[in-house]
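The lines below spell out each chain.
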Amino acid sequence: MGELFEKVRRAVRENRYLFSDHADNALRDRALVHWYILQGLDRGKLLIERPKARPNPVVEVEQLLPDGTSVKAVWAYLPDLDFAKLVTVHFFDR
């Protein structure tokens, strides 16, 4: 476990990522800035990998915001493009 997570992290480190419309809305609704999520991925804790998820494989990651708040970020991996895509983000306790 972790191979898919590493592909997502590598893509983000290499600036090969995008945000879904849903993720953009979720970030705005939760008053979060994009870089909070980007910065927190490298130190994130893998919760689950779903390599057979459709339309793309997915990882769920517990990430910390700069203020220490824990969030769950769902990242898809787009193998044809070798890109990571933030699908959504939410607080654990809300």
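Structure: above.
Below or above, wherever it landed, is the structure these notes cover. (Residues numbered from 1 in each chain as written. Predicted model: local features only at pLDDT ≥ 70, side-chain atom pairs only at ≥ 80, totals over all residues. Heavy atoms only, no water.)

## Comments concerning the nonpolar core
Then comes step 1: Among the nonpolar cores identified, the biggest contains 25 residues, and Ile37, Val59, Trp75, Leu86 and Val89 are the most heavily contacted of them.
Then comes step 2: When contributions to this core are tallied by element, the ones reaching two or more residues are helix H1 (3–13), helix H2 (21–29), helix H3 (34–41), strand E3 (58–64), strand E4 (70–78) and strand E5 (83–91).
Then comes step 3: Element by element, the count of residues in this core is highest for H1, at five residues.
Then comes step 4: For valine 89, the contacting residues outside a window of four places in its chain are Ala26, Leu27, Arg30, Leu32, Ile37, Val71, Lys72 and Ala73. (Core = buried A, V, L, I, M, F, W, Y, C linked by side-chain atoms within 4.5 Å. Buried < 20%, exposed > 50% of the residue type's maximum accessible area, 1.4 Å probe, protein only. Helix = DSSP H or I, 4+ residues; strand = E, 2+ residues; numbered from the N terminus. Contact = heavy atoms within 4.5 Å.)

## Observations concerning H3
Then comes step 1: Those residues of H3 not exposed but buried are Ile37, Leu38, Gly40 and Leu41.
Then comes step 2: Looking at the buried positions of H3, the neighbouring elements they touch are H1, strand E1 (17–19), H2, E3, E4 and E5.

## Quick notes on the side chain of arginine 16
Then comes step 1: Relative to the helices and strands, arginine 16 is located in the loop between H1 and E1.
Then comes step 2: Within the structure, the side chain of arginine 16 is placed 2.3 Å from the side chain of glutamate 14, a separation counted as a polar contact.
Then comes step 3: When near neighbours in sequence (up to four residues on either side) are disregarded, arginine 16 contacts Arg10, Ala11, Asp82, Phe83 and Ala84. (Polar contact = N/O pair within 3.5 Å; in protein donor to acceptor, adjacent residues only side chain to side chain.)

## What about the environment of alanine 11?
Then comes step 1: As for its position among the elements, alanine 11 is in helix H1.
Then comes step 2: Overall, alanine 11 belongs to the buried group, its relative accessible area being 0%.
Then comes step 3: Distance in space between the C-alpha atoms of alanine 11 and phenylalanine 91 is 24 Å, their sequence separation being 80 residues.
Then comes step 4: Apart from the residues lying within four places of it in its own chain, the contact partners of alanine 11 are Arg16, Tyr17, Asp82, Phe83 and Ala84.

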